[in-house]
Amino acid sequence: MAQVANHYAGDPSQRPDLWPWSAQRKQGVLQIGGVPLPQIGREYASPAYVWDIDDFAGRCQVWASAMAESFWEGYGFAGATVNYAGKAFLCAEAVRVATNAGLGIDTASLGELTLALKAGAPASGLGLHGNNKSEAEIELAVRSGIDRIIVDSPFEVAKVEGVAARLHKRARVMIRLVTGVHAGGHEYISTAHEDQKFGVSIATGQAEAVADAIAHAKHLELVGLHSHIGSQILDLNAFVESAGKVMAFRAKLLAKGMKVPEVDLGGGYAISYNAADPIPPTAQEVSCALAEAVKLACAQASTDIPRISIEPGRAIAGPSQVMIYRVGTIKDVTYAPGKSRRYVSVDGGMSDNIRPALYGADYTAVLANRPSEGESTLCRVVGKHCESGDVVVHNVYLPADLTEGDILAVPAVGAYGRVMASNYNMVPRPGVVGIKDGKWREVIRRETVADLLLLDKSL
Ligand code: LLP
C-alpha cells in the first residue's frame, strides 16, 4: 500500500492512460463519451460503473492489430490470437464488442461460459479455465465444441476424457503449465511459481505426464500449451523467461512426435491506477517483446514457431470504466498530536471495489462535477461499510471546499471491479452504465434491496 499521496487534480489529458480515451473536462466537469458524469449521478444513480464502450472496443482492436502485426506470417511467425479474459469484466455487450473485434473469449466458470455462448460468441473462439472445473462446466464446454479446455491437473485429464467419451465427442485441450517464473503484483495474483494451485509443473515432470496421458486419451486432442504467470505485470522480461520455458517443453513434446500447434502466453499486462504509477507498456510494446521472446525461444529450442495467443483482461477492460460516487460525511480526524486526516465518505466502498482492501491497490479520486479553486487537502476516501479497512483511496489530495453531494470519479475500475463486487452489509451492487454515441444506457442493471430480499427464503 503506497503511502505517497498523489497530487493529481484529474485532468485526463495529463494522464490519459488512467481514463477512457474520450474523457475530458469541460468547464471543470468531467465527461466520458460526451456525457457529463454528474448527469449520470443525477439521472441514473450513484455509485455507478460508467463504461465507455467505444474505449473497450478500441482496446480490443489495438491488441488484436498489435499482435497480428508482431506475429505476422510475413515476418516468419504463424499468426496470433487475442482472447479477452472475461473474468476481468463480462456482460453480453462486452462479449459482442470483443467478438466483433475478432477476439476470442476466455471463461473460467459455468456462468461466464454460459453468458459468452448466449451472447453469441462463436465456440471456435472460446476457452475454459479453472483448477476445479465441475462436471457441468466440462459438459457444456464439450457439448458446445469450444476451442480449448485448459486442463489443470492429471485428475482433470481423466475427467475431461470421461465427459467427452460419454458424449461421444472429442475435446480440444491445452495444458496449463507451471513455468516457475515469478511475476506480477500481489502474491494473490502471481500464478506460475511452484507452490500454488494452478497448472502442472514442467520441472517436476508432471506436465510431461499430463501430455502423455492426453496423447493416450481417445477423446482428447492436444491443441496447445498454456502459461499465465500472473497479473499486473510491468516487467516484460518475465514473459521472455516463461516463453523460453514453454518452448523448451514444447520441443520435448515435438520430439516425442506430438503435435503442439499453439502456445498461449496468458494475460497479466499491467495498467496504471493513479498518477504516481509508471506508464505501462503499450499493446505494441508488449506484442513486440513477446514476438522477440518467442522467436528467440524457438530458435534456442530448434523448433518451428507455433501460433501464439494471449489473454489480456485488465489491459482491455480496466481503463474503460470510471466509478462515480457521491460524497457524504466529511470528517477531520486527529490521529496523533498535531496530526490529522480528512476522511471523505462516499456512498459505496469495498462492496463495489474490493481491490484496495484485498490487495492494497492504490486508486485515485478526483472531483468530477465542478471546477474548484479550493486548496489541495490530503484526504482518505472511505466507503460506507462497517469496517475500517473499507478504503476507496488511501491518500489523495482533494479540494478543501469538497462538500456533501459532490461527485468523485475513480478511474481504472473496469477490470476486477463489478465482477468482484459483493453484497456486504446488504448493499445492492451498482449497475453498469454504458456510454456510446454520446448517450448512456444501463448495460448491467443495478440491484435493489428488493432483489436481495427475494433471496431470503425465510422472509
Ligand atoms: N488468463 C488467465 C489464465 C488468468 O488467470 C487471468 C487472470 C488472465 C488471463 C487475465 O489476466 P489480466 O490480463 O487481467 O491481468 N482479481 C485480481 C486479478 C486476478 C487475475 C486472475 N487471472 C485483481 O483484481 O488484480
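- For the protein, the name recorded in an unreviewed UniProt entry is Diaminopimelate decarboxylase, with Winkia neuii as its organism.
- Annotation of the protein in UniProt includes, under Subunit (unreviewed entry), the sentence "Homodimer."
- UniProt's Cofactor (unreviewed entry) comment on the protein is quoted here verbatim: "pyridoxal 5'-phosphate".

1. Quick look at the packing of aromatic side chains
The relation between two aromatic rings is expressed through the spacing of the ring centres and the mutual angle of the planes.
Link 1 in the chain: Applying the stated criterion to the full structure yields nine aromatic pairs.
Link 2 in the chain: Centroid distance Phe-239 to Tyr-269: 5.0 Å. Interplanar angle 35°. Geometry classified as tilted. Of the two residues, Phe-239 is situated in helix α8 (residues 237-255) and Tyr-269 in the loop between β12 (262-264) and α9 (283-301); the sequence distance between them amounts to 30 residues. The residues Phe-239 and Tyr-269 share a single accessibility class, namely buried.
Link 3 in the chain: In textbook terms, an aromatic cluster arises when at least three aromatic residues are bridged by ring pairs, as seen for Trp-51, Phe-56, Tyr-84 and Phe-89.
Link 4 in the chain: For Arg-446, the ring lying beneath its charged end belongs to Tyr-44, and the centroid distance is 4.7 Å.

2. A look at the sheet that holds strand β2 (residues 29-32)
Pairing between the strands of a sheet is mediated by backbone hydrogen bonds and can be parallel or antiparallel.
Link 1 in the chain: If you trace the three strands from one edge of the open sheet to the other, you get β1-β2-β3, paired in antiparallel fashion. The open sheet has two edge strands with one neighbour each: β1 (24-26) and β3 (35-36).
Link 2 in the chain: Pairing of β2 with β3 involves two bridges; the strand directions are antiparallel. Bridge assignment links Gln-31 to a residue of β3, and that residue is Pro-36.

3. Let's talk about the site of the ligand
Link 1 in the chain: If you check the shell around the ligand, you find 19 residues, and the closest are Ser-231, Glu-311, Arg-314, Arg-355 and Tyr-416.
Link 2 in the chain: One of the side-chain N or O atoms of Tyr-416 is found 2.6 Å from an oxygen atom in the ligand.
Link 3 in the chain: A breakdown of the residues in the shell around the ligand according to their chemical character gives seven nonpolar, seven polar and five charged.
Link 4 in the chain: Residue contributions to the shell around the ligand reach at least three from each of two domains, namely domain 1 (1-45 + 320-454) and domain 2 (54-318).

Rules behind the numbers
Residues numbered from 1 in each chain as written. Predicted model: local features only at pLDDT ≥ 70, side-chain atom pairs only at ≥ 80, totals over all residues. Heavy atoms only, no water. UniProt positions renumbered as here; feature names shortened; annotations may be inferred. Phe/Tyr/Trp six-rings, centres within 6.5 Å; stacked < 30°, edge-to-face > 60°. Helix = DSSP H or I, 4+ residues; strand = E, 2+ residues; numbered from the N terminus. Buried < 20%, exposed > 50% of the residue type's maximum accessible area, 1.4 Å probe, protein only. Lys NZ or Arg CZ within 6 Å of the ring centre and 35° of its normal. Pairing = 2+ DSSP bridges. Near = heavy atom within 4 Å. Polar contact = N/O pair within 3.5 Å; in protein donor to acceptor, adjacent residues only side chain to side chain. Nonpolar A, V, L, I, M, F, W, Y, C, P; charged D, E, K, R; others polar. Domains from an automatic or database assignment.

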